[in-house]
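Structural characterization, general
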Amino acid sequence: MTSTVQHLIDVAAQSAVDAGRLIRQRFGGPVEASTKQAAHDVVTGADLAAEALIRAALRGAAAHSTVVGEEGGRQDGAGNGADDPVWLVDPIDGTYNFVRGIPFFCVSIGLRIGGRTVGGCVYDPLREELFTAADGCAWLNGARLPVRTSAPSAPPLVLCDIPNAGGPPAATETDLLAALLTAAADVRRLGSSALALAYVAAGRADLAANADVYDWDTAAGRALVTATGGGYLSHPDPLPTSRRGSFVAWAPAYATLGRAVGEALHHDRFEETV
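Residues numbered from 1 in each chain as written. Predicted model: local features only at pLDDT ≥ 70, side-chain atom pairs only at ≥ 80, totals over all residues. Heavy atoms only, no water.

**Quick notes on the packing of aromatic side chains**
In plain terms, the rule: Side-chain rings of Phe, Tyr and Trp (the six-membered ring for Trp) are treated as a pair once their centres are within 6.5 Å; stacked means planes under 30 degrees apart, edge-to-face means over 60, and tilted covers the remaining angles. Helix and strand definitions follow DSSP, with helices as H or I runs of at least four residues and strands as E runs of at least two, each counted in order from the N terminus. When accessible area is computed with a 1.4 Å probe and restricted to protein chains, residues below 20% of their type maximum are described as buried, those above 50% as exposed, and intermediate ones as partly exposed. We call a charge positioned above a ring when the Lys NZ or Arg CZ atom is no farther than 6 Å from the ring centre and deviates by at most 35 degrees from the ring normal.
According to the stated counting rule, one finds seven aromatic pairs in the structure shown. Relative to Y199, the ring of F131 has its centre 6.5 Å away and its plane inclined at 50°; by these criteria the two rings are tilted. Here Y199 lies in helix α5 (residues 193-202) and F131 lies in strand β8 (residues 129-134), a separation of 68 residues in the sequence. In terms of burial, F131 and Y199 fall into one category: buried. Taken together, the ring pairs in this structure connect F27, F98 and F105 into an aromatic cluster. The lysine or arginine in question, R204, covers the ring of Y199, its NZ or CZ lying 4.8 Å from the ring centre.

Next comes the structure, spelled out in structure tokens:
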């Protein structure tokens, strides 16, 4: 029997694929983008259209759902009970990549019930890769992602958008980046926290971190990482939707490094900049 969470994630996944089709059609063509809070923080017509499509699908499947979207904000459901579904929606995570014609962005939809992150989906419309998590299990295009249990065999690969964009980096940021470069095989700046988290879950990377994120950026990826045995920390927890916070996620073999990065991200200097 299909669980309630699995059914809701199935609906979300289909809406992500449908939104991804719309986004893919617009990628590479003329894009009108308006700046939000920073030069790299932009919104396009594709963001707005994709979020509207996703909202309609989620509310159609469960009218009592609350939908919190990057572009449209919070819209409470009919019941708004403590155990009603709460969706965290980023229609294009990596919009600046999308605008510049860089093929690295995704649709991200996280599901929280009773204050717990219970599932989510991340869809890369260009690679047509659909990552889903529900009931403590994760899949990539329908194939089960295994729990990662192997010991570290090499320095880790880290996906990290630190230092933050938009201004001179603080000493804490450059110190953390230097420490990561020393400990890691490579540190890569990709511009999509949701895809970075999906890649940790799939074994393509070992750690992902960012100090400039909202709840909708990471809710789905958090479910993916924890379903494959990994760890996740954010400051605060859950992440806000009215101001930025920080997160780190790691494969099981890199828990010590992950927790150390989490402590560094919680430093007062980061709290001032996010």
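Now that the structure is up, let's keep going.
**Comments concerning the side chain of R148**
Test applied: We define a polar contact as two N or O atoms separated by no more than 3.5 Å, with the added condition that, inside protein, one atom must be a possible hydrogen donor and the other a possible acceptor, whereas residues neighbouring each other in sequence contribute only through side-chain atom pairs. Throughout, a contact is declared for two residues whenever any of their heavy atoms are within 4.5 Å.
Mapped onto the secondary structure, R148 falls in the loop between β10 (143-144) and β11 (157-160). Among the polar contacts made by the side chain of R148, one reaches the main-chain carbonyl oxygen of V200 at a distance of 2.8 Å. Setting aside residues no more than four positions away along its own chain, R148 makes contact with V200, A201, G203, A205, D206, T228, A251 and P252.

**What about the pairing of β8?**
Selection rule: Think of it this way: DSSP has to see at least two bridges between two strands before they count as a pair.
With six of six residues buried, β8 lies mostly within the body of the structure. Residue alternation in β8 divides its side chains into two sets, E129, F131 and A133 and L130, T132 and A134, and both sets are buried. With six bridges joining them, strand β7 (residues 116-124) and β8 adopt antiparallel strand pairing. By the bridge assignment for β8, D124 is matched with E129. Pairing of β8 with strand β9 (residues 137-140) involves four bridges; the strand directions are antiparallel. Each bridged residue has a counterpart across the sheet, and for A133 the counterpart in β9 is A138.

So far we have only geometry, and geometry alone does not tell us how the molecule works.
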